[in-house]
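# Tertiary structure, described
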Amino acid sequence: MPDSLPVVIAGAGPTGLMCALALRKQGIPVVLCEAEPALTHDLRAGSFHPPTLEMMAPYGITAKMHETGLKVQRWQIRNRPGDLVAEFDLDLLKDITPYPYRLHLEQHRLTPIQLDILKRNKDVEINFGHTLKSFTQDADGVTVTFGTGGADRTIKASWLIGADGGRSAVRKGLDVEFEGFTWPELFVVVSTPYDFAQHGFAFNCYIADPVEWGALFKVPDDGAPGLWRLAYPVNPEESEEALLSPDRIESALQRLVPKAGPYEVRYKSTYRVHQRVASSFRAGRVLLAGDAAHLNNPLGGFGLNSGIHDAINLSDKLARHWHGESEALLDLYSRQRRAATIEQVQAMSIRNKQTMEERDPAVQRARLEELVAIAADPVKAREHLLNTSMISGLKRANEVT
Ligand SMILES: Cc1cc2nc3c(=O)[nH]c(=O)nc-3n(C[C@H](O)[C@H](O)[C@H](O)COP(=O)(O)OP(=O)(O)OC[C@H]3O[C@@H](n4cnc5c(N)ncnc54)[C@H](O)[C@@H]3O)c2cc1C
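These figures come from a predicted structure and were not determined experimentally. Just so you know, the residues in each chain are numbered from 1, in the order the chain's sequence is written. Note on the predicted model: pLDDT of at least 70 is required for a residue's local features to be given, and 80 or more for side-chain atom pairs to be given and counted; whole-chain, interface and lining totals, by contrast, use all residues. Excluded from the side-chain calculation are hydrogens and water; included are all heavy atoms of the structure.

## Some remarks on the overall build of the protein
Let me state the cut-off plainly: In this description a helix means any DSSP run of H or I spanning at least four residues, a strand means any run of E spanning at least two, and both kinds are numbered starting from the N terminus. Radius of gyration: C-alpha atoms only; globule rule: 2.2 Å multiplied by the number of residues to the exponent 0.38. Burial classes: relative accessible area under 20% of the type maximum marks a residue as buried, over 50% as exposed, and values in between as partly exposed (1.4 Å probe, protein chains only). Should any heavy atoms of two residues lie within 4.5 Å, those residues are counted as being in contact. Note on areas: Shrake-Rupley with a 1.4 Å probe; residue coverage comes only from the protein chains shown. The convention is simple: Lys and Arg are positive, Asp and Glu are negative, and His and the chain ends are not counted. Charged groups are reduced to one reference atom each: NZ for lysine, CZ for arginine, CG for aspartic acid, CD for glutamic acid.
A count of helical and extended segments in the protein gives 12 helices and 20 strands. Over its C-alpha atoms the protein spans a radius of gyration of 21 Å, differing by no more than 12% from the 21 Å that the globule rule assigns to 401 residues. Each of the three principal axes of the protein carries a C-alpha extent, and together these read 65 × 50 × 40 Å. Within the span of the protein, comprising 401 residues, buried residues form 55% of the whole. Residue pairs in contact within the protein that sit at least 24 positions apart in sequence constitute 72% of those at least 6 positions apart. Roughly 16,800 Å² of accessible area belongs to the protein as shown, and the carbon and sulfur atoms make up 52% of that amount. A distance of 2 Å separates the average location of the 45 positive side-chain charges in the protein from that of its 50 negative side-chain charges.

## Here's the deal with the sheet that holds strand β19 (residues 286-288)
How we decide: Here the rule is simple: two strands pair whenever DSSP picks up at least two bridges between them. Fitted lines through C-alpha atoms give the axes, limited to the stretch in contact for helices. The angle between two N-to-C directions lies from 0 to 180 degrees.
Strand order in this open sheet of six strands is β8-β2-β1-β12-β19-β18, and the pairing throughout is mixed. One side of each edge strand has no neighbouring strand; the edge strands of this open sheet are β8 (124-127) and β18 (282-283). Bridge count between strand β2 (residues 30-33) and β8: four bridges; the pairing is parallel. Counted as the bridge partner of V30 is V124 from β8. Relative to β2, helix α1 (residues 14-25) is tilted by about 170°, and along the sheet it contacts β1 (7-10), β2, β8 and β12 (159-162).

## Things to note about the packing of helix α9 (residues 328-357) against helix α10 (residues 361-376)
We apply this condition: Angle categories are assigned with fixed cut-offs, so that under 35 degrees is roughly parallel, over 145 is roughly antiparallel, 65 to 115 is roughly perpendicular, and the rest are oblique. Throughout, the ten residues Ala, Val, Leu, Ile, Met, Phe, Trp, Tyr, Cys and Pro are labelled nonpolar, Asp, Glu, Lys and Arg are labelled charged, and all others, Gly among them, are labelled polar.
α10 packs onto α9 with a crossing angle of 120° between their chain directions and a minimal axis gap of 8 Å. By the angle between their axes, α9 is oblique relative to α10. Taken together, the residues of α10 that come into contact with α9 (itself represented by Q354, T355, M356 and E357) are Q364, R367, L368 and L371. Residue composition of the contact of α9 with α10, by class: three nonpolar, three polar and two charged.

## A look at the site of the ligand
Our working definition: Definition of nearness: a residue and a molecule or strand are near each other if at least one heavy atom of the residue lies within 4 Å of the molecule or strand. We define a polar contact as two N or O atoms separated by no more than 3.5 Å, with the added condition that, inside protein, one atom must be a possible hydrogen donor and the other a possible acceptor, whereas residues neighbouring each other in sequence contribute only through side-chain atom pairs.
In the vicinity of the ligand lie 28 residues, with T15, E34, Q107, L132 and D291 positioned nearest. Here a nitrogen atom of the ligand sits 3.4 Å away from a polar atom, N or O, in the side chain of Y271. Contact with the protein chains removes 84% of the 1,000 Å² of surface that the ligand exposes when unbound. Those elements giving two or more residues to the shell around the ligand turn out to be α1, β9 (131-138) and α8 (303-322). Looking at the shell around the ligand residue by residue, the class counts come to 12 nonpolar, 11 polar and five charged.

## Here's the deal with unusual backbone geometry
Each neighbour pair has its own omega, and for A224 with P225 the value is 5°, a cis peptide bond. Position of P225 relative to the elements: it lies in the loop between β15 (214-219) and β16 (227-234). Backbone geometry at D221 places phi at a positive 60°, although glycine is not the residue there. Along the chain, D221 falls in the loop between β15 and β16. One non-glycine residue, M390, adopts positive backbone phi at about 70°. Assignment of secondary structure puts M390 in the loop between α11 (378-388) and α12 (391-398).

## With respect to the sheet that holds strand β10 (residues 141-147)
The pairing of strands in a sheet happens through backbone hydrogen bonds and is either parallel or antiparallel. Spatial ordering of the open sheet is given by β9-β10-β11, a layout of three strands whose pairing is antiparallel. The sheet is open, and its two borders are formed by β9 and β11 (153-157), each paired with just one other strand. Taken over all neighbouring pairs, the strand axes of this sheet differ in orientation by 20° on average, direction set aside. Bridging between β9 and β10 involves seven bridges; their strand directions are antiparallel. Counterpart to L132 in the pairing with β10 is F146.

## Details of the nonpolar core
As a reminder of what qualifies: Residues belong to one nonpolar core when they are buried, are Ala, Val, Leu, Ile, Met, Phe, Trp, Tyr or Cys, and are joined through side-chain atoms within 4.5 Å.
Counting residues in each nonpolar core, the largest one holds 67 residues, and the members touching the most others are I9, I61, M65 and I161. Setting aside residues up to four positions removed in sequence, I61 forms contacts with M18, L21, M56, L110, I113, Q114 and I117.

## A closer look at the pattern of salt bridges
Test applied: By convention in these notes, a salt bridge is any Lys or Arg side-chain nitrogen within 4 Å of a carboxyl oxygen on Asp or Glu.
According to the stated counting rule, one finds 26 salt bridges in the structure shown. Here E264 and R266 are joined by a salt bridge, their closest N and O atoms 2.9 Å apart. A salt bridge links D310 to R337, with the shortest nitrogen-to-oxygen separation between them at 2.6 Å. One end of the pair, D310, is in helix α8; the other, R337, is in helix α9, and 27 residues separate them in sequence. The same class applies to D310 as to R337, namely buried. Through salt bridges with shared partners, one network takes in E106, R109, D221, D222, E264 and R266.

## Regarding the pairing of strand β13 (residues 178-192)
In the sheet, β13 pairs with strand β17 (residues 267-278) via 11 bridges, with the strands oriented antiparallel. Directly across from V188, in β17, lies its bridge partner T270. Judged from the seven bridges that link them, β13 and β16 form a sheet pairing that is antiparallel. Residue pairing for β16: F187 is matched across the bridge by P233.

Remember, this is a structural readout, not a statement about activity or role.
So this is what it looks like as structure tokens:
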């Protein structure tokens, strides 16, 4: 009976942890394997939309996140001189969600919450230092080989979930295309405790500019005063050393808000951004979720949120199949989540970036005026917020049959 074998999950990022939690909640045996010796701590996503908070609430994750997260009710579009162009207030959604705001919390503060809750479940096996190397599958199950630093370990699984991030070894082991493109520019992300709110900046702002657009948002850090993170594009042909030199970082921050004295900079890094979607999220008994299945630019804060949405959708369907329903549900998972990714996440994140970086001043003015008109009209603003908060896209995708 293949389904008495556990479901093996590769990757203990937010997506893999969420899959493990959701499957265990439905009585399914789970083995979670993570390549690193501990949860990763690098600076990544940090903005959670209302549906994601709703999905994580039954696990106790959302309540725990609220202990340190920042509620961000308003977000803004600004231009480079720093002027406010349009402001959107999520309070307009208070009749349809208990969380009418974005919650800001660093990804590396979410994963320990997920892991703590998962560990309370005695029937889950969690292995760090297990790097998926290869797998084979047949009609009855999947045989997965992990490198462990010593002898390889082989685990027999009923299903394998690849939640092993953008460079997914699981995806690469399948006959699945990773369709899309890579943006030519690199992104720099810098963090400073300087308080931009004193200049009227909301905790989440997008800054339109044909040369140097930006995205600014505040995360809680270890507590007050918190950290503001600025992301902006740079020339990939320059060395990382030059791009991250103190002078260059300082002048980027001074261009955002000129001030006397230098900025205190806590973190800085560069990263490359892709727009890619796997041609299928299922191949036999192997399933893909999160960054392993899709990648997008950070404008809109969709990447991590959609990984959680994948995990919940997938775990629900896998559990229904486990308890007797048709295996075809797993194809439905792939269709629904690919639809959400392509029609919502890819389309909106690409459009957001194009609006911010539009080089033709007349076109950019027209796009920004459109946003001003939307923000000024409560009916249109509500529709815009339903889209940008991922509520409409999720609803449409869940209707896919
Ligand atoms: C530098 C950076 C900045 C980002 N900034 C933003 C942002 O501002 N906003 C936003 O929305 N999104 C952002 N993202 C995207 C966001 O962080 C991801 O969407 C999110 O991490 C997806 O979670 P995941 O669990 O699917 O993948 P990951 O978080 O990548 O987790 C995958 C896990 O799998 C493990 N793993 C990898 N290979 C193996 C293997 N062979 N075997 C076992 N385990 C393996 C990894 O160690 C990791 O723990 C950023 C991403 C990066 C890389």
